[in-house]
Amino acid sequence: MKKGLEIRLYPSKEQRVLIDRTLGCSRFVYNHILALKKELWEDYKFNFNPNLKSFKEEWKFLTKVPSQALANSYMDCLQAYNNFFNSLKKKTKQDAKYPKFHKKGQKDSFRIAATKTSKGYDIRVVDYQHIKVPKLGNVKFKNYKDVDWSQVHIYNITIKKTPTDKYFASICCELSEKEYIEPKFYSCGFDLGLKDFCIFDSGQVIENPKYFRTSQIKLAKEQRKLSHCAKGSQNYKKQKLRVALVHEKIKNQRKDFQHKWSTQIVNENQVIVSEDLNVRGMLKNHKLAKSIQDASFLTFCNMIDYKSKEMNRTYIKINQFYPSSKLCYCCGYKYKGLKLEERFWTCPNCGTYLDRDENAARNILKEGLKILKCRTTVGGTGDDKSSKPVDTQEPVIACDSKSHSHAGKSTVFSSLIAS
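Note that the coordinates shown come from a computational prediction; the quantities given were computed from them, not determined experimentally.

*Asks:* Which residues make up empty space enclosed by the protein, and what values do they have?
*Replies:* To find leftover empty space, a probe the size of one water molecule is rolled over the atoms. Enumeration according to the criterion identifies two cavities of 30 Å³ or more in this entry. For the largest cavity, the calculated volume is near 50 Å³. Listing elements by their share of the lining of the largest cavity, those giving two or more residues are helix H6 (234-268) and helix H8 (289-295). Here the lining of the largest cavity takes three residues from H6, the largest share from any one element. Broken down by class, the residue content of the lining of the largest cavity amounts to five nonpolar, two polar and three charged. What the second largest cavity holds in volume is close to 30 Å³. Partitioned by chemical class, the residues of the lining of the second largest cavity number two nonpolar, no polar and two charged.

Listed below in structure tokens is the structure:
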């Protein structure tokens, strides 16, 4: 199983200097090639790929850093440039934009591939505290406690520097398959929201921590101080670091929160169903855009997606146009006049008093189990695609069978996949 592991690096003073120099040289190569290609195309409509060897002959400082880092930066620039023109010609489905120049302090990184030598691979974990990198030597890092590094094969390593002057490395490696863990429950469906982060079909609610909102006053205070500093001064650099630390704390809090809940959901359920949200379209609502970005729905769903594949779980996304909130989970009646501010409503057909979010979670689970049953019957193994939105009344399901067990667990719809 190929996977990426992120580790925290603790380089020495000499290693820090070499890493910073490599970051600068990689950025220089990328920007210079992009500038040349842009100039030749705009002036002469000529597509030409410059030779990286000529760069090293002209600028001798490029020879003092790992050559693979420069080669990968060179290839990344050409690939980004070709992706843009292939997108214009409709050769690919991706909507690629014209590549931008890299700026210092923004996503600084370089990549080195592992090559086999007489003494083994040049990128390898020496012990549980040091990793060997070409030209850098043995770099101290924070270890994964549950990883047997002697059984790990490393393909490449990407070293990056954060705005808070911390160093991390992403290791692309081959890991053994995880042992299958029997889940506690069969299925769960959940609906994502802003007031409450996640609402399960069982009725359990995960509160939205709103980390950005809680740190907004502190962040504004630090940014106000930064605006009063002379740009480029030592006080400006110190204050810029304080602002970056606030952003980093918010990011780490959100990441920790989502990792814990996504791991719990995947470990406890065999079938997980959610709605395929159009986050880009939701962000066009400027009244809710900040709260939507603070919740980071897409990252949470991506965590569940890759963890489900690792744990041999089934993760299903239903169509974003499925009217999960407007359908009564008891009788299937569709209430077309439901407004966004209505958090509770009574079904005109059967008279059931419904919580909007819990009702949506139950309908999401119900639709997901239908999709799973169709796949099992037909024997398809395609991507997670939902059926068309339902605009008709559904079969009646007993409302009083509320045998809920745990977070994300409900046995109301277990009979749907029995036959």
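*Asks:* Tell me about the packing of aromatic side chains, residues and numbers included.
*Replies:* According to the stated counting rule, one finds 18 aromatic pairs in the structure shown. Pairing Phe46 with Phe48 gives two aromatic rings, centres 6.1 Å apart and planes at 10°, and the pair type is stacked. Plain terms: the ring middles of Phe84 and Tyr98 are 5.1 Å apart, the flat faces sit at 90° to each other, and that makes the pair edge-to-face. Placement of the pair is Phe84 in helix H3 (residues 67-88) and Tyr98 in the loop between H3 and strand S2 (108-113), with a sequence separation of 14 residues. For Tyr98, a relative accessible area of 28% corresponds to the partly exposed category. A connected cluster of aromatic rings, assembled from ring pairs, spans Phe190, Phe197, Phe200, Tyr211, Phe257, Phe297 and Phe300.

*Asks:* Quick one: what's the story with the sheet that holds strand S13 (residues 269-275), residue by residue and with numbers?
*Replies:* Across the sheet, which stays open at both edges, the five strands sit in the order S12-S11-S10-S13-S14 with mixed pairing between neighbours. Edge positions in the sheet fall to strand S12 (205-207) and strand S14 (314-318), since each of these pairs with one other strand and no more. Strand-to-strand, the axes of this sheet are offset by a mean angle of 20°, without reference to chain direction. Here strand S11 (residues 196-200) runs beside S12; their pairing, made up of three bridges, is antiparallel. The residue bridging Cys198 from the neighbouring strand is Ile206, located in S12. On top of the sheet, H6 reaches strand S10 (185-192), S11, S12 and S13; it is set at about 125° to S13, its chief contact.

*Asks:* Would you mind going over the layout of surface pockets in detail, with residue names and values included?
*Replies:* Size it by volume and the second largest pocket reaches roughly 830 Å³. Lining of the second largest pocket is provided by 25 residues; of these, Leu192, Leu277, Met282, Leu340 and Arg356 occupy positions nearest its centre. Looking at which element gives the most residues to the lining of the second largest pocket, the answer is helix H10 (residues 356-378), with three residues. Its residues assigned to classes, the lining of the second largest pocket comprises twelve nonpolar, six polar and seven charged.

Conventions we followed
Residues numbered from 1 in each chain as written. Predicted model: local features only at pLDDT ≥ 70, side-chain atom pairs only at ≥ 80, totals over all residues. Heavy atoms only, no water. 1 Å grid on protein atoms, 1.4 Å probe; cavity = no way out; pocket = protein on both sides within 12 Å on 5 of 7 lines; lining within 4 Å. Points joined across faces, edges and corners; volume = space filled by probe spheres on them. Helix = DSSP H or I, 4+ residues; strand = E, 2+ residues; numbered from the N terminus. Nonpolar A, V, L, I, M, F, W, Y, C, P; charged D, E, K, R; others polar. Phe/Tyr/Trp six-rings, centres within 6.5 Å; stacked < 30°, edge-to-face > 60°. Buried < 20%, exposed > 50% of the residue type's maximum accessible area, 1.4 Å probe, protein only. Pairing = 2+ DSSP bridges. Axes fitted to C-alpha atoms, helices over the stretch in contact; angles between N-to-C directions. Contact = heavy atoms within 4.5 Å.

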